Every structure is written in structure tokens, then in C-alpha cells.
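Here is how the chains run, residue by residue.
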Amino acid sequence: MSDFVKHSLRAMLFLLVQVFILHKIPPLHQFIVPYLYFLFILWLPFNMGRTWLMVVAFLYGLALDYFLMWPGLHTAACVLIAYLRPFLVNLLIRQEGAEQSYGAPSINSMGWAPYMVLVVVLTLVHHSYLVFLEWMSFGNFWYFLGKVGASTGISLLLILITEMLFYRKERFRTNM
Amino acid sequence: MRNIFLFIRRYFNFLSFLALQALALSFLFRYNKFHEAAFAGVANEITGRVNEQYNTVDYYFKLKKANENLVKENVALRELLRSNYQSPDTTQKLIVDSIRVDSLKPFQRYVYREAKVVGSFITTQTNFITIHRGSSQGVRPDMAVIGPNGVVGRVVNTSANYSTVMTMISRQFKVDGKLKNSGERGSIGWDGQNPRIVQMRNIPKSVKIQKGDSVLTSELSSIFPPNILIGTVDSVMNDPSTNFYNLRLKTGTNFSTVQFVYIVQNTQLEEQQKLENATRNTNE
């Protein structure tokens, strides 16, 4: 299966799960909004150009926004984490050339700790920006803090479960 | 000139990031004012179709609830029939002092159209439902939407066969309501917390309020017909610093189970708005 087909299917699956499962669950509390869809952007390959990464994130975020009928909100957050991802990856990968020899960020290509740092930081950035944009229209400071905290917690839990359920074998690429 | 190109090439990533952000934010802030958003019509049509597929499954599980609501509404309407009212004393006679419905047709102010709900969300701060009836079937933005149990929301966007409706449980949604018993009016909005509770402001403390009192749409709301149920009083919040109560209302409509709605067109809305605008212009 080519990379393009794999990632397209993955994008559709993530969108459907987000829209028709995670957004259909009756809310536990107004602060807890389970987000998982942005994991798609974290799983995009290393060798994608930065601009392309942002364009893909833009289209992907817009697709979600059209389902939730609020164009621009998730798009802005997706573009932001797509922009920040290469910087973080460069910081976190120690050994020379890991991004050449592996396909995409994952536990076994980056190692447990660096991968988790990447996930936690990007989740926090995504949620803060998202709630900040919401907050510009309404809400107060405690609303902002509470929502970022609670949503980040639930998202990290979901990401952990996803990583355990769908173990991605990243091939070590030789001579490519 | 060469330096400009070098600058652009050097910061190409950052510049494209800024451009995409600006585009996203422009969508966001334009849409908040409910103007036509980017490609909203086409996107509406596509998401509407996907939502409809999902709804074929979802609808099956909510059939029981939907039936119950429709039967309840039928009972309420049947009780209004004239044949139900008969005096035991036959010397008394009920005389209806009005003209027949057919001849009233030109005076009909509110036109009702039914629609099926195909998609709904109640987990975000601005919640929309998608209905399967669009501009080809006579839906226009800003029409009122009510359900079997009361107010649902307002149409904000239409495509050929689908429309999106902003529900009452959205931060930007406001509706003018009145207490059924005393007729006291107040503005109703949602605070973003519980999807079954909305807030009503500015009720004077002199008014007697009891738990369970009905709140209806008032005559001042130009898009909603008057006397449609909004909700019932759940609790009264006393704010000692003002002379007003804030009421918490339990919504009549349960937004997670609503399956059929009516779209209400006010046929005289245009005339009313034209007059109001003309008055405003002359007074300026």
C-alpha cells in the first residue's frame, strides 16, 4: 500500500471517529472535550516538506470544521501544530539521521520519552490555541485553564490507548 | 529586489504559515457573523450526505423517543378541536366567531414546513443541527425552527437540499421570551454549561415565580411565532445586587433526541423589517 493511500485512509478514519464517536458522546463536563483527530498530523512522515505539512494540516482541519460547522477553528490549530512539529522533531531526535532512516514519528522510531514529549507538547499547544480562539468570543480565564487542562488530559489518555491498540511498525529503511 | 527574493526564500515556511493562519482566522471570524462562509454551500451538501448515512443508524435507536414526542404533540393538538367541547346544557350553544380557514389563507402569517434532522452535535460551544430540506424546498436563512416540544433554533445556512440550524444551546443564540403566567418578558441565552439548561435574565423581583412555570416565546420575537414553549423554570437565582432574578430554564426540546422539526416562515417579516428600517433611517 502506498504511503499516499495509507495516509488518506487514516485521515478519513480519524475524521469519522472524531465526528461520529467522540463528538456524539454526551459531554461528561463542559470542560472535557475529547480530541483525537490531530494525531493524524503527528503521524505524517518525516520526509514531508514543511510547507506541504502545513497545507495538508490546513485541508484536514477544514474538513473537520465543515462537519462541526465552525470553519477556521480547528484549521488554525492544526496549521499551528504542523508548523511546530519539525522544530520539535529536530530538537528531540538525538542520533544523526533518524528522520532519514525511519518513516514517521512513533514510539519505536524516536524512543518512548522523546515521542511522548512530542505528543504532550503538541497536544497542549493545540488545545491552548483552540480554547484561546473560543475564549476570544466568550468565557473567562478559569474557563480557559480548566478546559485546556481537562481536554489535554483526556486527549493524552486517548492517544495512549490508540498507540497501544494500533502498534505501528516503522520499518527501518535501508538504501532509500 | 534580489534581497526581497532571498528574504522570501529564506522565510518561505514562516510566511506560508502566516498566510494559512490568516486564511483560517478569516474563515473563523467571518463565519461568526453568519455571513456566507467559504464554500459553505458545497461543504454543507457533502457533510449533509455523510450525516444522513449516520442518521439512518442513529434514527433507529431513537425511534421510540421520536414517536413518543410526536404522539404527545398530537394529543395536545387534538385537545384544541372544537368537537371536544360540548356543554351538557343543550340550550347553551357554542358559536365560533370567525371566518373559515380557507378564506383566511391570504392572512396566514406563519407557514410551517416539516424537516427531518440528519445530524446534530451537543458537545461544543456553538451547536448546530443539519436538516434535510434546503433552499430548493423553500428554506431561507433566519427562519425559525421549532420541534414537537418547543423552540429548537434558527436557520443560519442553506444549500440545495440541506440546511444548518443554530440551536438554542449556542452561545450566540438569543431569543425573546415571556413567563406564561405573568407575561413578564426577558432575554434567553445559553451559558455553555449544561445542554438541558438555558438562562433567562431581567425578570423583576416583584414577579411571583414557581418551579415548573412555563416560558414561551414572546410577541416581540420577529422570527418565532408567539407562545411556543421554550422551557420550564428549573430554579431561580437571586442576585442581591440587582432588582432582577436570573432564571434557569429546563429546555422543552431535548437536543440529543430531536428527530423531526418544523421550519417556520414569517411571511410578513420582510414588510416588518422594511418598515422598521425606514423608521430608523428617518430618525437618524
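Residues numbered from 1 in each chain as written. Chains lettered and ligands numbered in written order. Predicted model: local features only at pLDDT ≥ 70, side-chain atom pairs only at ≥ 80, totals over all residues.

Re the interface of chain A and chain B
Inference 1: Between chain A and chain B, the residue contacts involve 26 residues of the former and 28 residues of the latter.
Inference 2: Looking at the side of chain A that touches chain B, the elements with two or more residues in it are α3 (50-68), α4 (73-92) and α7 (112-137) of chain A.
Inference 3: At 7 residues, the largest contribution of residues to the side of chain A that touches chain B is made by α3(A).
Inference 4: Partitioned by chemical class, the residues of the side of chain A that touches chain B number 18 nonpolar, 6 polar and 2 charged. (Contact = placed C-beta atoms within 7 Å. Helix = DSSP H or I, 4+ residues; strand = E, 2+ residues; numbered from the N terminus. Nonpolar A, V, L, I, M, F, W, Y, C, P; charged D, E, K, R; others polar.)

A look at the pairing of strand β2 (residues 126-131) of chain B
Residues and elements named next belong to chain B.
Inference 1: Across the 6 residues of β2, 6 count as buried, placing the element largely inside the fold.
Inference 2: Along β2, one buried face is formed by Thr126, Phe128 and Thr130 and the opposite face, lined by Asn127, Ile129 and Ile131, is buried too.
Inference 3: Relative to β2, strand β1 (residues 110-120) runs antiparallel, the two being bridged by 3 bridges. Looking across to β2, one finds that Val117 is bridged to Ile131.
Inference 4: Hairpin remark: β1 followed by β2, antiparallel, with 5 residues in the connecting loop. (Buried ≥ 20, exposed ≤ 12 C-beta atoms within 10 Å, placed from the backbone. Pairing = 2+ DSSP bridges.)

As for the sheet that holds strand β3 (residues 144-147) of chain B
Residue and element names in this part refer to chain B.
Inference 1: Pairing within the closed barrel is antiparallel, and its 6 strands lie in the order β1-β2-β5-β4-β3-β12. Within the sheet, the average angular offset between the axes of one strand and its neighbour, ignoring direction, is 45°.
Inference 2: Of the strand pairs in this sheet, β2 and strand β5 (residues 163-170) are connected by 5 bridges, and their pairing is antiparallel. From the neighbouring strand, Thr126 faces β5, where its bridge partner is Ser170. (Axes fitted to C-alpha atoms, helices over the stretch in contact; angles between N-to-C directions.)

Let's talk about the nonpolar core
Inference 1: Core analysis: the largest hydrophobic core is formed by 90 residues, its most contacted members being Ile41(A), Cys78(A) and Val79(A).
Inference 2: Ranked by the residues each element gives to this core, the list is headed by α3(A), at 10 residues.
Inference 3: Shared between two domains, this core takes at least three residues from each, and those domains are domain 1 (40-80 + 107-171 + 261-267) and domain 2 (175-253) of chain B.
Inference 4: Apart from residues lying up to four places away in sequence, Cys78(A) is in contact with Phe38(A), Ile41(A), Ala57(A), Phe58(A), Tyr60(A) and Gly61(A). (Core = buried A, V, L, I, M, F, W, Y, C linked by C-beta atoms within 7 Å. Domains from an automatic or database assignment.)

Digging into the domain arrangement of chain B
Residue and element names in this part refer to chain B.
Inference 1: Each domain of chain B was delimited in the assignment, giving domain 1 (40-80 + 107-171 + 261-267) and domain 2 (175-253).
Inference 2: Relative to domain 2, the C-alpha centre of domain 1 lies at a distance of 23 Å.
Inference 3: Across the boundary between the two partners, domain 1 contributes 19 residues, which contact 17 residues of domain 2.
Inference 4: Only β3, β4 (150-158), β5 and β12 (260-266) provide two or more residues apiece to the side of domain 1 that touches domain 2.

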